[in-house]
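Observations on chain architecture
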Amino acid sequence: MPQEIGGALHPTYRVRTQFRETLRLNAGLDKRAADRRAAELLASVNVAAAALRRYPHELSGGQLQRVALALALAPDPEVLVLDEPTTGLDVNSQQQVATVLRRAVRERGVAALFISHDLALLSEVADDVAVMYAGEIVETGPVAAVLHEPRHPYTRALLNAVPSPLEAVTTEGIPGVPPGRVVDGECGFAARCPHAAASCRAAVPALASIEDGRTVRCVRHRELSLTVVADRRRAASEPDTRTALEVVDVTCAYGTTTAAAGVSLRVHEGSVTALVGESGSGKSTLGRAVAGLLRPVSGEIRLDGEPLPLDPRRRTVEQRHHIQLIFQNPSTSLNPRRTVGDLLRHVTSRFVEGDRAARDEAIAQTLAAVQLAPAVLDRYPGQLSGGQRQRVAIAAAFVARPRLVVCDEITSGQDVSVQAAILATLADLRRRLGTSVLFISHDLGVVRSIADHVYVMRHGRIVESGRTEEVYGAPRDEYTRSLLDAVPAIAPVVPSEAVQERSA
């Protein structure tokens, strides 16, 4: 089951046709028998048989993932290999896919290799876990033991980068970049490891067996204690009563389909306000309306108390300047034929006052703020990693020094260390520039780690809002409670002042 559903389902064939082909080739079934078997398989993954008549684009993301899982189960395999099967899904869809997978493993006796960067989800679905870095396994063992008592510094660093829906924590990125290949002659993680010693660079560590059937690739595993960690709890920020953005009774539609109905929200100056909900709840539609990419049917959008024209084409250059949007997927939002320098110079030519030297200085300062070297200016998006591309997109939004930035699922699909780096970059830029942020996400752990206020959206309407800690601590709406209950989480470890070391 590939990560991209486009690799599992053909976009020009109905779902029924794809099941018929698989069942004919692997089980020798004719069309009628294949249709009966396909309906049974879909029922086992909680998808109605009516989906057989549809094309892939007519199904939601969660439905597509479950259809792909049913298709993978159709040949009655002994082993399932699932490559990031829940990436980009909202928590309810993610939980449905995980539930179906657990049931298939239990009832069918299928062995599953679940490839994922979501450590919280793995803590709920996996029995054993293998942690991989630079092309090598660095630690293995029962999932609970590895996640609560890590023995390799890379595993500890990954856990420090995981946001939690259980408490407001500050996530920590891993300094440096991974080598992208197997490292010869030394530990592959030594260049980024805070515990590296001379012995780590003397040779490649062997994968050593330790207690309870676990293994670890670290020459210092006997002397390091990585269980207790520094207190990561995020300090509560003081509420600001000044309003940067106000959305009043905004309704948005695509043709006859209403995506957002009478939505009202407020973003306080210098704060991060989160808009959360399932896929299809209308949150991205509202973000596009705020950013001026979609014309609302009715309502009012105010920036610093000034109403913005509903028709985005009537917004002034100054109004467009002060609201910037960061898209979910930088691979599609960045022009592949233009260098990073071309992109940033285009933005500064429109929105940054002064001569070329002043604009170049603004670019240099912003690149430093997002932790990118000046060398990236001459590179094309395809020559950058996913995390670098997302930071370029952040730089393109913040180099204009806007009043408000709309972030649409900007951490979706990123591994936890890159995600932590992106969140730290965003928080740092917000503090430096006083920019207000509307943060759109379905990741409730990420939201709790960064947002001051949160609005919960369902079926195009706001069902609950308030200070983030109040909503998470005592949700009043049943839908909010269901979202929080569905979020996978790793139980927090008892805080300590710092990582301790055992005596050798």
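What counts as what
Residues numbered from 1 in each chain as written. Predicted model: local features only at pLDDT ≥ 70, side-chain atom pairs only at ≥ 80, totals over all residues. Heavy atoms only, no water. UniProt positions renumbered as here; feature names shortened; annotations may be inferred. Helix = DSSP H or I, 4+ residues; strand = E, 2+ residues; numbered from the N terminus. Axes fitted to C-alpha atoms, helices over the stretch in contact; angles between N-to-C directions. Parallel < 35°, antiparallel > 145°, perpendicular 65-115°, else oblique. Left-handed = near helix turned anticlockwise from the far one by under 90°. Contact = heavy atoms within 4.5 Å. Nonpolar A, V, L, I, M, F, W, Y, C, P; charged D, E, K, R; others polar. Domains from an automatic or database assignment. Buried area = accessible area lost by both parts, 1.4 Å probe. Salt bridge = Lys/Arg side-chain N within 4 Å of Asp/Glu carboxyl O. Pairing = 2+ DSSP bridges. Core = buried A, V, L, I, M, F, W, Y, C linked by side-chain atoms within 4.5 Å. Buried < 20%, exposed > 50% of the residue type's maximum accessible area, 1.4 Å probe, protein only. Phe/Tyr/Trp six-rings, centres within 6.5 Å; stacked < 30°, edge-to-face > 60°.

Let's talk about the UniProt feature "domain: ABC transporter" (unreviewed entry) in the protein
- UniProt feature "domain: ABC transporter" (unreviewed entry): in the numbering of this structure it lies at residues 245–484.
- Along residues 245–484, the helical share is 40% and the strand share 27%, with 27 Å between the first and last C-alpha atoms.

A look at the packing of helix H3 (residues 61–73) against helix H4 (residues 91–108)
- Contact geometry of H3 with H4 gives a least axis separation of 9 Å together with a crossing angle of 15°. Viewed along their axes, H3 and H4 adopt a mutual orientation that is roughly parallel. Here the hand of the crossing between H3 and H4 comes out right-handed. Each of Gly-62, Gln-65, Arg-66, Leu-69 and Leu-73 in H3 lies in contact with H4, whose residues at this interface are Ser-93, Gln-96, Val-97, Val-100, Leu-101, Ala-104 and Arg-108.
- Class assignment for the residues of the contact of H3 with H4 results in six nonpolar, four polar and two charged.

Overview of the domain arrangement of the protein
- Here the protein is partitioned into domain 1 (5–115), domain 2 (131–216) and domain 3 (243–486).
- On a C-alpha basis, the centres of domain 2 and domain 3 stand 32 Å from each other.
- Counting residues at the interface gives 14 residues for domain 2, matched by 12 residues for domain 3.
- Across the domain 2 to domain 3 interface the summed buried area is about 960 Å²; carbon plus sulfur atoms make up 65%.
- For the pair domain 2 and domain 3, the number of links is zero salt bridges.

Re the side chain of Thr-22
- Looking at where Thr-22 falls in the secondary structure, it is placed in helix H1 (residues 15–27).
- Apart from the residues within four sequence positions on either side, Thr-22 is in contact with Ala-27, Leu-71, Ala-74 and Pro-75.

Observations regarding the sheet that holds strand E5 (residues 208–209)
- If you walk across this open sheet you meet the four strands as E3-E4-E6-E5, and the pairing is antiparallel. Both edges of this open sheet fall to strand E3 (128–133) and E5, since each of them pairs with a single strand only.
- Bridge analysis of E5 against strand E6 (residues 215–216) gives two bridges, and the strand direction is antiparallel. Counterpart to Ala-208 in the pairing with E6 is Val-216.
- Against the sheet, helix H7 (residues 153–160) touches E3 and strand E4 (136–142), its axis set at about 100° to E3.

Observations concerning the nonpolar core
- Phe-19, Leu-42, Val-67, Leu-80, Tyr-154 and Phe-189 are the most contacted members of the largest nonpolar core, which totals 61 residues.
- For this core, the leading source of residues is H3, giving eight residues.
- A domain split of this core shows at least three residues from each of domain 1 (5–115) and domain 2 (131–216).
- Contact partners of Tyr-154, with chain neighbours within four places excluded, come to Val-131, Met-132, Tyr-133, Val-138, Ile-174 and Phe-189.
- By size, the runner-up hydrophobic cluster in this structure holds 51 residues, among which are Ala-274, Ala-396, Leu-429 and Val-471.

With respect to the packing of aromatic side chains
- All told, the structure shown has three aromatic pairs when counted by the stated rule.
- On the basis of an interplanar angle of 55° and a centroid distance of 4.6 Å, the ring pair of Tyr-133 and Tyr-154 is categorised as tilted. Here Tyr-133, found in strand E3, pairs with Tyr-154, found in helix H7; they are 21 residues apart in sequence, far enough to count as distant. For the residue pair Tyr-133 and Tyr-154, the accessibility class agrees, reading buried in each case.
- Note on Tyr-133 and Phe-189: the rings are 5.2 Å apart at their centroids and 85° apart in plane angle, and the pair reads as edge-to-face.

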